[in-house]
Amino acid sequence: MVEKDKNALLKSNKAFRLFWTGQTISMFGSQITVIGLPLTAIYLLNANSTQMGIFQAVATIPFFLFSLFAGVWIDRNRKKNILIFCNLMTAASLIIIPLGSIFNFLNLTLFYIVVFIAGTFSMIFELAYLSFLPLIVSKKHLSERNSKLEISRSVLEVSGPSISGYLISIVTAPIAIIIDIICYIVSSLFLYKIKIAEPKTKAEKRTSVILEIKEGLKVLLKHPILISLSGSTATLNFFRTAFDTLFLLFIIKYVGLRTEQIGIIIGLGSIGGLLGASISTRLSNKMGIGSTIITSVVAVFLGAMICSLAGGQIIVAITCLILGQILIGFGNTVYFISQVSLRQYITPMNLLGRVNASNRFITRGAMPLGGMFGGFLGSFINFKIAIFLISLGYMIGVIWLLISPVKRIKTLSDSDNFIIT
């Protein structure tokens, strides 16, 4: 019996290592696209604040349109196959950007279409990812393994933007995206190597797609912890997308930074994410999961406020931007690890895909509205004032958590009474 448990643990560790490696490669490539896409819009396509708002909306609206249906699809099918398929489809859609630049047929309309398609498959991948991890990791190790994945993301967010900034300044943003396309393909090869027997819902047990969607939504909306986390995250995502819509325009056109300086600022600012991923579990153990989640939102608020102070002398502006990005990265990472681990813990596997999808429908569904709000605000008032006003909105997320049971949860086991049966 002991030997059997040992073999199962070794198999689980190998599966996670392959998954971790594949994700790390994919995340490295994504650092280029995260900067490359908006810079393509700003520099190559001359997008203004309203058009950048449309860009953010188009990139995030797939969560609102398709996430509920995607959740049912994920619960019904092999998660690994879905992950590989979505990686390859994202790569196939992104290739239009460099080709359009090389052959001079890229315009804003085609750019929006590519962003929408890539965003759709990335959204499905993200949902499948959240449901796949508990298949290869035991519940008691979820927080630790989520932390490992976030450490990889944070390390790459420190080095990736600096590399991306210099690379983009040399070969231009659209061409640099080719590296991300290659990374998606290599990541898929690592996913393919994972050997796992996934449980599959029998066809005769299935109900209609709409009924399954309703079941996932009903579980989330009636659960005091899940709905509080979703409400808080939706608020944060709304204001974060509004912030991101104007941030690059703010530091390029108001502060006056160059591409390579932007990469350095975002890279150094990502040290906060690395710190958050490294100490998130210890922080939760010391402060309690609920208090950690609330504190992380306050850190994001403070970081955004400090960013809004950037201006004047270039050294002061860069210092404010780096410090602000550090706090934002720290808060976002700690928040993600803590609330995702809590949701994964209390949700059974047969519902996890739909609950994750319902969560994303609400939380990411707020992002297109946030993008349009940011673009609208930036077209009427000074970028600096707009960033300041948007930053104030983060504190609404704290209110959601303070009036919920989340603040009373110290450890994952404290939420046993909230486990969905």
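Residues numbered from 1 in each chain as written. Predicted model: local features only at pLDDT ≥ 70, side-chain atom pairs only at ≥ 80, totals over all residues. Heavy atoms only, no water.

Further remarks concern unusual backbone geometry. In this model, Asn46 sits at a positive phi of 55°, which is unusual for a non-glycine residue. Tracing the chain through its elements places Asn46 in the loop between α1 (2-44) and α2 (49-76). Asn46 sits in the exposed class, given a relative accessible area of 59%. One non-glycine residue, Asn104, adopts positive backbone phi at about 60°. Here Asn104 lies in the loop between α4 (96-102) and α5 (108-136). When its relative accessible area of 69% is taken as the criterion, Asn104 is described as exposed. (Helix = DSSP H or I, 4+ residues; strand = E, 2+ residues; numbered from the N terminus. Buried < 20%, exposed > 50% of the residue type's maximum accessible area, 1.4 Å probe, protein only.)

Before going further, it helps to spend a moment on the confidence of the model for the protein. With 92% of its residues at a pLDDT of at least 70, the protein reaches an overall mean of 84. Low confidence marks residues 1-10, where pLDDT is under 50. Its contacts with residues over four positions away, or in another chain, come to 0 contacts. (pLDDT = per-residue confidence, 0-100. Contact = heavy atoms within 4.5 Å.)

The subject of this paragraph is the packing of α5 against helix α13 (residues 314-346). One can describe the packing of α5 onto α13 by two numbers: an axis separation of 11 Å at closest approach and a directional angle of 65°. Crossing geometry of α5 relative to α13 is assigned as right-handed. Listed contacts from α13 to Leu130, Leu133 and Pro134 of α5 are Val340, Arg343 and Gln344. (Axes fitted to C-alpha atoms, helices over the stretch in contact; angles between N-to-C directions. Left-handed = near helix turned anticlockwise from the far one by under 90°.)

The next subject is the pattern of salt bridges. In total, this model carries 4 salt bridges according to the counting rule given. For Arg354, the salt bridge identified is with Asp75, shortest N-O distance 2.8 Å. Here the residue Arg354 occupies a position in helix α14 (residues 349-363), and Asp75 occupies one in helix α2, the gap between them amounting to 279 residues. Its relative accessible area of 8% is what places Arg354 among the buried residues. Here Arg354 and Glu215 are joined by a salt bridge, their closest N and O atoms 2.7 Å apart. Taken together, the residues span a long stretch of sequence, with Arg354 in helix α14 and Glu215 in helix α8 (residues 209-222) at a distance of 139 residues. A cluster of three or more residues bridged by salt bridges with shared partners is formed by Asp75, Glu215 and Arg354. (Salt bridge = Lys/Arg side-chain N within 4 Å of Asp/Glu carboxyl O.)

What follows concerns the environment of Ile124. Residue position: Ile124 is located in helix α5. The class of Ile124 is buried, set by a relative accessible area of 10%. Leaving out residues up to four positions away in the same chain, Ile124 has contacts with Ala70, Trp73, Ile74, Ile82 and Cys86.

In this structure, Phe111, Phe243, Ile251 and Leu321 are the most contacted members of the largest nonpolar core, which totals 83 residues. In terms of residues, this core owes the most to one element, helix α9 (residues 224-254), which gives 14 residues. Setting aside residues up to four positions removed in sequence, Leu321 forms contacts with Phe247, Phe250, Ile251, Leu257, Ile265, Cys307 and Ala310. (Core = buried A, V, L, I, M, F, W, Y, C linked by side-chain atoms within 4.5 Å.)

This next bit is on the packing of α5 against α14. Viewed as axis vectors pointing N to C, α5 and α14 meet at an angle of 150°, and their least axial separation amounts to 9 Å. With respect to each other, α5 and α14 are oriented roughly antiparallel. Once α5 is placed against α14, the crossing between them reads as right-handed. Seen from α5, the contacting residues are Glu126, Leu127, Leu130, Ser131, Pro134 and Leu135; seen from α14, they are Met349, Leu352, Gly353, Asn356, Ala357 and Arg360. (Parallel < 35°, antiparallel > 145°, perpendicular 65-115°, else oblique.)

On to helix α17 (residues 395-402). Buried within α17 we find Gly397, Val398 and Leu401. Around the axis of α17, the buried residues are gathered within 105° of arc, so they sit on the same side. In this structure, the buried side of α17 is in contact with α9, α12 (289-307) and α13. (Arc of directions from axis to C-beta.)

So, about a nonpolar patch on the surface. A cluster of nonpolar side chains, namely Leu99, Ile102, Phe103 and Phe105, defines an oily patch on the protein surface of about 400 Å² accessible area. You can see Phe105 is positioned in the loop between α4 and α5. For Phe105, a relative accessible area of 39% puts it in the partly exposed group. (Patch = residues over 30% accessible without salt bridge, like charges linked within 9 Å, V, L, I, M, F, W, Y side chains within 5 Å. Areas by Shrake-Rupley, 256 points an atom, 1.4 Å probe, with all protein chains shown as cover.)

Once that is clear, we can look at the side chain of Ser358. If you trace the backbone, Ser358 turns up in helix α14. Excluding residues within four positions of it along the chain, Ser358 makes contact with Leu68, Gly216, Leu217 and Leu220.

All chains considered together, the criterion is met by 13 aromatic pairs. An angle of 50° between the planes, with centres 4.7 Å apart, marks the rings of Phe376 and Phe380 as tilted. Remark: Phe380 and Phe376 occur in helix α15 (residues 366-380); sequence separation between them is 4 residues, near one turn of the helix. Grouping residues by exposure puts Phe376 and Phe380 together as exposed. Here the aromatic residues Phe19, Tyr129 and Phe132 are joined through ring pairs into a cluster of three or more. It is Lys195 that lies over the ring of Tyr192; its NZ or CZ is 5.9 Å from the centre. (Phe/Tyr/Trp six-rings, centres within 6.5 Å; stacked < 30°, edge-to-face > 60°. Lys NZ or Arg CZ within 6 Å of the ring centre and 35° of its normal.)

Taking 1.5 Å as the rise per residue, α2 with 28 residues should run 40 Å; its terminal C-alpha atoms sit 41 Å apart, in good agreement. At the N-terminal boundary of α2, the capping side chain belongs to Asn48, with an oxygen 3.1 Å from the backbone nitrogen of Thr50. (Expected span 1.5 Å × (residues − 1). Polar contact = N/O pair within 3.5 Å; in protein donor to acceptor, adjacent residues only side chain to side chain.)

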